[in-house]
Amino acid sequence: MIEILNSAQLAQAKETGALVGGILQSMKERTEVGTNLLDIDRWTKEMIVAAGATSCYVDYAPSFGRGPFGHYICTGVNDAVLHGLPRDYELADGDLLSLDLAVVLGGVAADSAISFIVGESKPEESVALIDATERALAAGIAAAGPGARRGDIAYAIGSVLSAAGYPINTEFGGHGIGSTMHQDPHVSNTGRAGRGYTLRPGLMLALEPWVMADTAELVTDDDGWTLRSATGCRTAHSEHTVAITDHGAEIMTLAN
């Protein structure tokens, strides 16, 4: 289903998105060497509940996961790039942490992800990975606007990632979002310009470039959820929910 939101829903999406962005920023600020992933999950739950919002993840049980996710935020460390199931792990200096969060507030969902390095160490490979996903996300947003095609976004994202030298996996990518978290259209992280669905004002998309340093192959962790790089290399993930307007794409998931 491709959902076109009205002006009231888009106003609500901005409120939902600000909550998502604010929680992610709070988690980044509170995370330090020694922080446990389960603490991040608990803090996220507390903020979601306090806001009167609903988690998109707790009861989420798609075909590619093992039962309901059961947690409030995805926590990917180093080689874990997507659907990272929070676990009893204390973060170390130099760990690359990716946090992915989606909630519903007022009947409208928003979805965002950030990656950052914990502590004082800043491994060059990790810095480069994060930078590439952030630049690719900016390029994808710049390519989104009324009359643009889905392939224009995919091409813009893929061009940045390829130029940075990273293989691109096409199993998981961006997606439509509205009253529910995952909707059509799927937006791959690489593609051909001028192809696919024509973007219309009122459409919301969650754009999410993610990369693995030296492979495009994923493996599923024993927890049945966490997706890791097949080679054990480091990974990064950046995501914003954007709304297509008459003038371009507006980011919904910025923290106030």
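Right above here is the structure, for reference.
These figures come from a predicted structure and were not determined experimentally. (Residues numbered from 1 in each chain as written. Predicted model: local features only at pLDDT ≥ 70, side-chain atom pairs only at ≥ 80, totals over all residues. Heavy atoms only, no water.)

Within the secondary structure, Cys-74 sits in strand β2 (residues 74-77). Along the chain, Cys-74 and Ala-142 lie 68 residues apart, while their C-alpha atoms are 27 Å from each other. With residues up to four places along the chain from it excluded, the contact list for Cys-74 reads Tyr-57, Phe-69, His-83, Gly-84, Ser-98, Leu-99 and Asp-100. (Helix = DSSP H or I, 4+ residues; strand = E, 2+ residues; numbered from the N terminus. Contact = heavy atoms within 4.5 Å.)

Moving on, we come to the sheet that holds strand β13 (residues 240-245). Ordered in space as β7-β6-β8-β13-β14, the five strands form an open sheet in which the pairing is antiparallel. Two strands in the sheet have a free side with no partner beyond their single neighbour: β7 (183-187) and β14 (248-251). Geometrically, the sheet is characterised by an average inter-axis angle of 30° between neighbouring strands, direction not taken into account. Sheet analysis places strand β6 (residues 174-176) next to strand β8 (residues 204-207), joined by two bridges and oriented antiparallel. Bridge pairing in β8 places His-175 opposite Ala-206. (Pairing = 2+ DSSP bridges. Axes fitted to C-alpha atoms, helices over the stretch in contact; angles between N-to-C directions.)

A word on the packing of helix α1 (residues 7-30) against helix α2 (residues 37-50). Contact pair α1 / α2: the axes reach a minimum separation of 10 Å and the direction vectors enclose 145°. Handedness of the crossing formed by α1 with α2: right-handed. Contacts between α1 and α2 involve Ile-23, Ser-26, Met-27 and Arg-30 on the former and, on the latter, Ile-40, Trp-43, Thr-44, Met-47 and Ile-48. (Left-handed = near helix turned anticlockwise from the far one by under 90°.)

Cis peptide bonds are those with omega within 30 degrees of zero, and the linkage from Asp-184 to Pro-185 qualifies with 0°. Note on placement: Pro-185 falls in strand β7. If you check the backbone angles, His-83 has positive phi at about 55° while not being a glycine. Residue placement: His-83 occurs in the loop between β3 (80-82) and β4 (96-105).

In spatial order, the strands read β3-β11-β10; together these three strands make up an open sheet with antiparallel pairing. Edge positions in the sheet fall to β3 and β10 (218-220), since each of these pairs with one other strand and no more. Here the average twist between neighbouring strands, direction ignored, is 45°.

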